[in-house]
Structures are given as structure tokens and as C-alpha cells.
Amino acid sequence: MISALDMPAETPSVTYSGHPDGSQPRILLSSVFGPYAVDDQYGSRAMNPMELYHNQVTRTQGPFSLRMFHRSWGLMLIQANIEAPCTVLDFPTRDRIIDELQRHEYDVVGITSIVPNQAKVAEMSRLIRQYQPAAKIVVGGHIANVPDLQQRIDIDHVVKGEGVRWMRRFLGEDADRPIRHPLIISGYGARNAGVTLSDKLGDIAATVIPSVGCPLGCNFCSTSAMFGGKGKFVDFYHTGDELFERMVEMEQRMKVRSFFMMDENFLLHRRRALRLLELMEEHDKAWSLYVFSSANVLRSYTIEQLVGLGISWVWMGIEGENSQYTKLHGIDTLDLVRELQSHGIRVLGSTIIGLEDHTPENIDQVIDRAVQHDTDFHQFMLYTPIPGTPLHRELTQQGRMKDERDFDPADIHGQAILSYRHANLTDDQVSELMVRAFDEDFQQNGPSTVRIVQTTLAGWQRYKDHPDPRIRSRYAWEAHELSNSLAALVGASRGYFRHQPALRAKMSSLLDALCREFGWKARVYGELGGRWLLRQIRKEQAKLEAGWTYEPPTFYERNAAVQNNPDARLCQYTTPCDHDQTESATIASPSQRPASDWAQVRA
């Protein structure tokens, strides 16, 4: 859902002609309408909410599931980087869209969507034609991979890839002027164990988008296909110096010290990452970085480099021992995960269910292997051929794609059914297997948020006396809740699993370790705070079992060119660099890329 920018860097076939009086066109950018966590006629699905973690990571963890929303970052990036008056309507209801179209006149309306939300895009297009028939409708995001989208939906432009330059060219603006990075809070509305988590300034990471696209080019990857395929990506910040500048500004203006690096494989850009490390050391920045990375790229760095860079959270694919994906070849992912966690680096492992070699006979082994990693979080997703990907083309050529009359595209979200005929597994089987995988991970390893406590404690104990004060400072900041609120979480979890001996023993052991490390304070929070929190957990569980769902609020924002809409909040962004950052980097082969960036990376 957040694996790339959400809006369209193809060159538009036509440009907006503008107004006869020379005034600038007025732009509305919107995500698809909610509600999202319901089953309705527009393609919403209760099992596909607008929540990344609960949707596909902590899906069956009940009151322990991490609930959190993320903005449509691509819309924010485009809005911050065009001169025309631009309003963003993020997570509106259908009625709110109608109200906006009735109250304000727009010349261009942009919609971002994923493939399952085609029915919502069609309804939004119908409403735009009804209320503002002169407006041009532009559709982007992962839905742009659908090859015949304009035949399915009444829209004017479908665009793939990076959206800032496309929109600038369409509007007749300078496409290659420097990028302004919006000030983005990585997540909001976070909730866990029946409690709304802190949203104080500085407690939540800022999102940084260094690059888009993924050069590794896995055959199922919609993001890679969206940005041109294997070997292709777009850099917004070519160098560590450019990136460091933006992060310093975000640190000062947003009061943050942690950054979610929204880059498909951040550490693959080795020169940039190591230059960032040099600058962090030079300027004494004790930052925490949350990154996506493939296993072989992680192995190309020393643990000292990862710790020095502040890598404290990594999302990593774990497709299985016999995976065809060479980003895992030669890597013992069990050892890698254990090593990272022993240094306080939290791991979100990602496993695909329904690969070509999966059968009813071996699938339990696949799930057991995934669960054995005991990652802090674990995502399970179905092997899904998204339109536009090499996998989709391959299965189409083999005649294995199902006729769309046999399923609803809204159900192809990676958690329910398949859009193709698997050689060994049926839809009923894969649906049951998905639930089984999540359940086994939860029942064997416990709540993900408790696993984070374990990893954070390991990092603190290892580095609390490190000779570098910058390293000590970062680990102390990450561990500052271990003696209080996190001890209460572990205590509450021990009570919750009182009838499950293995998990209760695991929680008791962790609480004892916290008490040995932090003394009476952890004991008090674990006992008394744990009892209070256990009551909150049970209340949350009752709400969820009664059908309660969470929905994101609507965001309504404008850029500085919008002068007549005081109801919309002014968007905020960084100072642009004084040079071009939007040049597309196309790599035909590893030999054309600096050798250091491709060390041990083969895909």
C-alpha cells in the first residue's frame, strides 16, 4: 500500500491548455473515498482496511494488532512541487467529495489508487463528470499498471511512475526544477493494546523519500513495474549530502530524531548511504532510521556500519529456503535476523504464500520456516500477479489468468483469493493458509509489540556503555520506555496469556529481564501498570469482537497558490536543493552502476 509514490515519469501526450485569461489551472488531488474497512458496492473490503500493519502484518493479533494510518505521500509530494493552486483531499468520504466538487471549481482532478479500488475510481470519475464536466481527470498510482484502464473507466489521462515531473509538464511548468520535500509524519492514529499511543511532536518518525522504484525487479513487484522495471528507479536525492540537508531541516522543524526512509531498497544506494553515515558522525546525529532492504544488501554492510547509520528497523523479504529470488541466495536468513535483533535492530520479515512450488504437502513447512524466524513483525502476502508485472505477462501467456468475470478485482488485495489458477492450491486453500500463517506466528511468538521490547532490550544492553556517545544516545532514546510503559505491556501480556503456558513463560522471562535491568520501576509498572493495561486490552478485544473498525480522518490541505480556501490547512515542505534532483537513473546492468553500489547484489 505504501511501497511507492501514489501518483503518476512519463511525458504527457498533451498539456493543459490553461485559461483564456492566462490564470493558472486549479488542481484537486484525492485518494479514493472511504469508508475502507467495510464490505460495500464500491469495492471496500472489511479485510482490506486502510491500515498497513493490521491489513497484512498483525492481522490476527486482535487487541495487540498495531493500528495505524499513513497519508497518501505521493499526493503530498506533488502538491508541494507544483506552482498551480493545488488542494489535497486525503481519505474523504463519498459525500465529502461531492461537497468539494460543489463548492470549488477545478480544472484538473487527480486520483490515486491501488488496483483493487477500480470501482471507487469509476464512481469518483462519474461524480467529477456530473459536477465538473470540464475538469480533466488524471489517474495514477499502482492502478496505472492496469493496461486498459481508460477503456474501463471514463478518465482523461493514465500515468505511470514518478508524478511530480509528469504533472509539471502537463501544467506547462518547469519539470526539472529542484524538489521540495513535504514535511510528512510517517504514521498517525497509532493504537495498540487498547491504548492510543503518543503523538507528541518528535515521538513519531518523519518520512523521507530519497528514491522511487526498485532496481532489483522481482517479477511480482508492482512498484518495479510502475517505474520502468528491473534496473530502473528515480532518485530525488543523488548524494548523501543532499539527503543529510533535508533530514537536518526536518529534524529542526519537526523536532524528530527518527526517519522512515521510504525507499524500496535504501541501502542499495551504497555511496549515498555511507556518505550519510560520514555526515551523521561528523555532526553528531544520533538518528534512528527505518528502512526497507533485501537480505544480500544488508550482508554487504558491516554491523558497525548499520549501527552507525542508526538502522533500528528493517523490512526484509524472506521468501523461503528454495526461493527463486536471488536477493536471498547464499543468505541464512535465520542467522541474519538473529544477528540484527541482537544489536537492537527490529526486523519485519515478509513471506509470500502461494509461490509456484508451494503445495498442500510442503506449505506447512514453508509457514513453519517463516515463523521460526521470530521476527518482530511478519507480513504474509499471496503471490499475486498485478497487471503490468512480468509475472502477470508470464501467466497470461500461459493461459493461467482467470477471467475477471470469475472474481471481483476488489478481492485481489493479497490476503484472500488468487486471480490466476495455481498449479497446486485452490482459492479456499490459500485463504485458509493465510489465516493459518498469521495465527501460527502470533501463537508461537506472541504479540509483535512485545517482540519489539525484547529486541530493544537486547540493543540497550549491548550498547548502553558503548564508547561512542552518539551510539549510546541513540540506544538510550530508543530504550526510554522499557522501564515503564513497555514493562506494563509485557506484564499485561503475561496476564492475557495466563492459560497458554509457553507464551506466559516467554512474557514472564522478558519481564524478569526488564526488572533485572531497571529494578523496582519496571517491577511496579509490570505489576500495577500491567493490570490496568490488561483491562484496556480486554475492552479493546470486546469492541473488536462486536464489529468495531477504525477509519482514518479526512485531511484537507492547500499549497500557497490557493488564495480563496481558508478551510484548508497550508501544506509544509523543506527548502529545495539548488540543483536538479529528479534525473531518472536507468541501469541496464550491474556493470553500468558504480561497483560499490552493487557489491554482493545480484538480481
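The structure displayed is predicted, hence computed values, not measured ones.

Brief notes about the overall build of the chain
Stage number 1. In terms of regular secondary structure, the chain is built from 20 helices and 19 strands.
Stage number 2. Over its C-alpha trace the chain gives a radius of gyration of 24 Å, about what one expects of a compact globule, namely 25 Å for 603 residues.
Stage number 3. Summarising its shape, the C-alpha atoms of the chain cover approximately 75 × 55 × 50 Å along the three principal directions.
Stage number 4. Per element, the accessible surface of the chain, about 23,200 Å² overall, is 50% carbon and sulfur.
Stage number 5. Side chains of the chain give 65 positive and 76 negative charges; the mean places of these two sets differ by 4 Å.

Some remarks on the pattern of salt bridges
Stage number 1. A complete count under the given rule lists 46 salt bridges for this structure.
Stage number 2. With a closest N to O distance of 3.1 Å, R71 and E557 form a salt bridge. Taken together, the residues R71 in the loop between strand 2 (67-69) and helix 2 (73-80) and E557 in strand 17 (residues 555-558) connect sequence positions 486 residues apart.
Stage number 3. E557 serves as the salt-bridge partner of R569, at 2.4 Å between the closest nitrogen and oxygen. One end of the pair, R569, is in strand 18 (residues 569-570); the other, E557, is in strand 17, and 12 residues separate them in sequence.
Stage number 4. Among the residues examined, R569 registers a relative accessible area of 51% and is labelled exposed.
Stage number 5. Connected through shared salt-bridge partners, R96, D99, E100, R103 and D567 make up one network.

Observations regarding the sheet that holds strand 12 (residues 258-261)
Strands in a sheet are paired, the pairing made by backbone hydrogen bonds, and the direction either parallel or antiparallel.
Stage number 1. The 6 strands are arranged 9-12-13-14-15-16 in an open sheet whose pairing can be described as parallel. Either end of the sheet is taken by a strand with one partner, and the two such strands are strand 9 (206-208) and strand 16 (377-382). Across this sheet, the average inter-strand angle for adjacent strands is 15°, counted without regard to direction.
Stage number 2. Strand direction decides the pairing type here: strand 9 and strand 12, joined by 3 bridges, are parallel.

Focus: helix 20 (residues 520-545)
Stage number 1. Taking 1.5 Å of rise per residue, the 26 residues of helix 20 would be expected to cover 38 Å, and the 36 Å separating its terminal C-alpha atoms lies within 8% of that figure.
Stage number 2. Roughly 40° is the biggest bend found in helix 20, and it falls at G530.
Stage number 3. Residues of helix 20 that are buried include every one of A522, G526, G529, G530, L533, L534, Q536, I537 and E540, and no others.
Stage number 4. Packing partners of the buried residues in helix 20 comprise strand 7 (188-192), strand 8 (195-196), helix 18 (485-496) and helix 19 (501-518).
Stage number 5. Where helix 20 terminates, the next one or two residues include G547, which has phi positive at roughly 105°.

Let's talk about the pairing of strand 12
Stage number 1. In strand 12, alternate side chains face the same way, and those of S258 and F260 on one face and F259 and M261 on the other are all buried.
Stage number 2. As defined by bridge partners, strand 12 adjoins strand 13 (residues 288-292) across 3 bridges and the pair is classed as parallel. Paired with F260 across the two strands is Y290, which belongs to strand 13.
Stage number 3. Note on the crossover from strand 12 through helix 9 (residues 270-282) to strand 13: the handedness is right-handed.

Brief notes about helix 14 (residues 390-397)
Stage number 1. Regarding helix 14, the residues found buried are L391, H392 and L395. Seen along its axis, helix 14 keeps its buried residues to an arc of 100°; they face one direction.
Stage number 2. Immediately downstream of helix 14, the backbone of G399 shows phi near 75°, a positive value.

Overview of the nonpolar core
Stage number 1. Counting 90 residues, the largest nonpolar core has L267 and L276 as the members making the most contacts within it.
Stage number 2. Tallying contributions element by element places helix 8 (residues 240-254) first for this core, with 6 residues.
Stage number 3. Excluding anything up to four places from it in sequence, L276 contacts G240, L243, F244, M247, F266, W287, L289 and L309.
Stage number 4. Listed in part, the 34 residues of the second largest apolar core include V32, M124, I143 and Y556.

Regarding the packing of aromatic side chains
Stage number 1. The full count for this structure, using the stated rule, is 25 aromatic pairs.
Stage number 2. Ring centres 4.9 Å apart and planes at 75° place the aromatic pair Y188 and F555 in the edge-to-face group. A residue pair is termed long-range when its members are at least 10 positions apart, and Y188 in strand 7 and F555 in strand 17 qualify at 367 residues. Side by side, Y188 and F555 carry an identical accessibility label, which is buried.
Stage number 3. Relative to W287, the ring of F259 has its centre 5.0 Å away and its plane inclined at 70°; by these criteria the two rings are edge-to-face. Within this pair, whereas F259 is found in strand 12, its partner W287 is found in the loop between helix 9 and strand 13, the two being separated by 28 residues in sequence. Residues F259 and W287 agree in their burial class; the two are buried.

Notes on the side chain of S493
Stage number 1. Here S493 shows up in helix 18.
Stage number 2. Taking relative accessible area as the criterion, S493 reaches 0% and is therefore assigned buried.
Stage number 3. In this structure, S493 is in contact with F64, P447, V450 and M507, ignoring residues within four places of it in sequence.

Concerning the packing of helix 16 (residues 448-463) against helix 17 (residues 469-478)
Stage number 1. Running from N to C, helix 16 and helix 17 point in directions that differ by 150°, and their axes come no closer than 9 Å. The angle between helix 16 and helix 17 falls in the class roughly antiparallel. In this structure, the crossing between helix 16 and helix 17 has a hand that is left-handed. Note on element contacts: helix 17 touches helix 16 through I471, R472, Y475, A476 and E478, opposite T456, G459, W460 and Y463.
Stage number 2. Its residues assigned to classes, the contact of helix 16 with helix 17 comprises 5 nonpolar, 2 polar and 2 charged.

What counts, and where the lines are drawn
- Residues numbered from 1 in each chain as written.
- Predicted model: local features only at pLDDT ≥ 70, side-chain atom pairs only at ≥ 80, totals over all residues.
- Heavy atoms only, no water.
- Helix = DSSP H or I, 4+ residues; strand = E, 2+ residues; numbered from the N terminus.
- Rg over C-alpha atoms; globule rule 2.2 N^0.38 Å.
- Areas by Shrake-Rupley, 256 points an atom, 1.4 Å probe, with all protein chains shown as cover.
- Lys, Arg positive; Asp, Glu negative; His and termini not counted.
- Charge placed at Lys NZ, Arg CZ, Asp CG, Glu CD.
- Salt bridge = Lys/Arg side-chain N within 4 Å of Asp/Glu carboxyl O.
- Buried < 20%, exposed > 50% of the residue type's maximum accessible area, 1.4 Å probe, protein only.
- Pairing = 2+ DSSP bridges.
- Axes fitted to C-alpha atoms, helices over the stretch in contact; angles between N-to-C directions.
- Expected span 1.5 Å × (residues − 1).
- Bend = angle between axes of the 7 residues up to and from the residue.
- Contact = heavy atoms within 4.5 Å.
- Right-handed = clockwise from strand over helix to strand, strands pointing away.
- Arc of directions from axis to C-beta.
- Core = buried A, V, L, I, M, F, W, Y, C linked by side-chain atoms within 4.5 Å.
- Phe/Tyr/Trp six-rings, centres within 6.5 Å; stacked < 30°, edge-to-face > 60°.
- Parallel < 35°, antiparallel > 145°, perpendicular 65-115°, else oblique.
- Left-handed = near helix turned anticlockwise from the far one by under 90°.
- Nonpolar A, V, L, I, M, F, W, Y, C, P; charged D, E, K, R; others polar.

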